[in-house]
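Read off the chains here:
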Amino acid sequence: MSSRGEGPESEIRFVADSMHGKLTRWLRILGHDTVYWRGDDEDLLDFASSSGRILITSDVELHRAALKRNLRSILLPLEGIEEQLATVAAYLRDRLGIDPERFLSPEATRCSLCNGELVQIGENLWECRSCGQRYWEGSHWRRINATLRKALEITLSVRLTDGDSGREGFEK
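Every value quoted in this text rests on a predicted model; they were computed, and no experiment measured them.

We now examine the overall build of the protein chain. For the protein chain, the count of helices and strands is six helices and nine strands. Long-range contacts, defined here as pairs at least 24 residues apart, represent 52% of the contacts in the protein chain between residues at least 6 apart. Approximately 9000 Å² of the protein chain is accessible, and the part contributed by carbon and sulfur atoms is 45%.

Although it is not a glycine, Asn-115 sits at a positive phi angle of roughly 75 degrees. With respect to the helices, strands and loops of the structure, Asn-115 is situated in the loop between helix H5 (100-103) and strand S5 (118-122). The phi torsion at Asn-124 lies on the positive side, around 55 degrees, for a residue other than glycine. By the secondary structure assignment, Asn-124 is in the loop between S5 and strand S6 (125-128).

A separate point is the state of the cysteines. By the definition in use, this model includes zero disulfides. The cysteine Cys-114 is free of any disulfide, with Cys-128 supplying the nearest cysteine sulfur at 3.5 Å.

Strand order in the open sheet made by the three strands is S5-S6-S7, with antiparallel pairing throughout. The sheet terminates laterally at S5 and strand S7 (134-136), the two strands that pair on one side only. Going across the sheet, the axis of each strand differs from the next one's by a mean of 35 degrees, ignoring polarity. Relative to S6, S5 runs antiparallel, the two sharing four bridges. Paired with Gln-120 across the two strands is Trp-126, which belongs to S6.

With that settled, the discussion passes to the pairing of strand S3 (residues 54-57). Neither face of S3 is exposed, since Ile-54 and Ile-56 on one face and Leu-55 and Thr-57 on the opposite face are all buried. Two elements, strand S1 (residues 13-16) and S3, share three bridges in a ladder whose sense is parallel. Counterpart to Ala-16 in the pairing with S3 is Ile-56. Bridge count between S3 and strand S4 (residues 73-75): three bridges; the pairing is parallel. Each residue of the ladder has a partner; that of Thr-57, found in S4, is Leu-75. At this point the chain moves from S3, through helix H3 (residues 60-68), to the parallel S4, and the crossover so formed is right-handed.

The rules behind each value
- Residues numbered from 1 in each chain as written.
- Predicted model: local features only at pLDDT ≥ 70, side-chain atom pairs only at ≥ 80, totals over all residues.
- Heavy atoms only, no water.
- Helix = DSSP H or I, 4+ residues; strand = E, 2+ residues; numbered from the N terminus.
- Contact = heavy atoms within 4.5 Å.
- Areas by Shrake-Rupley, 256 points an atom, 1.4 Å probe, with all protein chains shown as cover.
- Disulfide = S-S within 2.5 Å.
- Pairing = 2+ DSSP bridges.
- Axes fitted to C-alpha atoms, helices over the stretch in contact; angles between N-to-C directions.
- Buried < 20%, exposed > 50% of the residue type's maximum accessible area, 1.4 Å probe, protein only.
- Right-handed = clockwise from strand over helix to strand, strands pointing away.

Below, the structure written as structure tokens:
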């Protein structure tokens, strides 16, 4: 696992709507402070605004409402974790100048369940300060790294575009 430390990617915080629980867990594995929102859209927009978080959604109307409020919002495909991670990485690269390879590197700092802070309690062993969940580097990291490599491959082969419909997409 890497250590991001300083830089723009260390300050990125997200709020994902209720359609993106799986992506929320992946962003937390990557070490990014990510809130999973289960409330209504208006409250979600207010929260994104007051907290300065980047909104993640597949809801075109919610995305458009966020843009009308001058909020940062990423419109994702509904399925495919590699494509979703690649869309986020491409957005951050194209809009904020953040290196996709660094963004897509696992970071043992966030609990994938509750977003709490992880503390190292042993060699390759971490525990969440909030919920007590324990994490370790086991064989599952091969699958995680394979998914992240595929997401990086997609990211490096495309540029994000703004569609006329308000839907962002990829351009080869």
